[in-house]
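# Survey of secondary and tertiary structure
Here are the chains, one letter per residue:
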Amino acid sequence: MPTASIWIAGFTGGLVGGLYFATGAGRRYVVFLCCSRGRLPWRLGAFLHWAYGAGLLRISGTAYQFRHRELQDWLTARPRG
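Below is a summary of the structure that appears in this document. Source: prediction; values computed, not measured.

Helices and strands together make up the secondary structure of the chain, namely four helices and two strands. Scanning the chain from its N terminus toward the C terminus, one meets helices and strands in the order α-α-α-β-β-α. Within the chain, the fraction of its 81 residues that count as buried is 6%. Here the chain displays about 7,000 Å² of accessible surface, and carbon together with sulfur accounts for 64% of that area.

This part is about the pattern of salt bridges. It is possible for side chains of opposite charge to pair when their charged atoms get near one another. Tallied over the full model, the rule gives one salt bridge. Residue D73 pairs with R69 through a salt bridge whose shortest N-O separation is 3.5 Å. With D73 and R69 both in helix α4 (residues 69-77) and four residues apart, the pair spans about one turn of that helix. Judged by its relative accessible area of 54%, R69 falls in the exposed class.

In this structure, the largest pocket occupies an estimated 480 Å³ of space. Lining the largest pocket are 18 residues; nearest its centre among them are R39, L40, P41, F47 and L75. The greatest single-element share of the lining of the largest pocket, amounting to five residues, is contributed by helix α3 (residues 44-53). Per-class residue counts for the lining of the largest pocket are 13 nonpolar, two polar and three charged.

Rules and cut-offs
- By convention here, each chain's residues receive numbers from 1 onward along its written sequence.
- At least 70 in pLDDT is required for a residue's local features to be given in this predicted model, at least 80 for side-chain atom pairs to be given and counted, and no such filter applies to totals for whole chains, interfaces and linings, which use all residues.
- Based on all heavy atoms of the structure, the side-chain values leave hydrogens and waters out of the count.
- Helix numbers and strand numbers start at the N terminus; a helix is a DSSP run of H or I with at least 4 residues, a strand a run of E with at least 2.
- Here's how the labels work: a residue is buried when its accessible area is under 20% of the maximum for its type, exposed when over 50%, partly exposed in between, all with a 1.4 Å probe on protein chains only.
- Note on areas: Shrake-Rupley with a 1.4 Å probe; residue coverage comes only from the protein chains shown.
- Think of a salt bridge as a Lys or Arg side-chain nitrogen and an Asp or Glu carboxyl oxygen that are within 4 Å of each other.
- In this analysis, the protein atoms alone were mapped onto a 1 Å grid. Cavities are point sets where a 1.4 Å probe fits without being able to get out; pockets are open sets with protein on both sides within 12 Å along at least five of seven lines; lining residues have an atom within 4 Å of a point.
- Grid points are joined across faces, edges and corners, and a volume is the space filled by probe spheres set on the points.
- Residues were grouped as follows: Ala, Val, Leu, Ile, Met, Phe, Trp, Tyr, Cys and Pro as nonpolar; Asp, Glu, Lys and Arg as charged; and all remaining residues, including Gly, as polar.

Below is the structure:
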């Protein structure tokens, strides 16, 4: 069984990390890491706006969703890397 100090350290680290990534700065950092590693386009906002205008995505609240299940299946069946 972990000691109380390990539990407190883990709780504190999780709380601080959670609060950091709940802010805009944390999300921007994660998006930057994904873009720099080639997993997302550099101009993500412009790409999402283009895909929405082209009818590939729809906006549901604050999230983008695929409009066509066939496109989503095709993209997931062919991983890039």
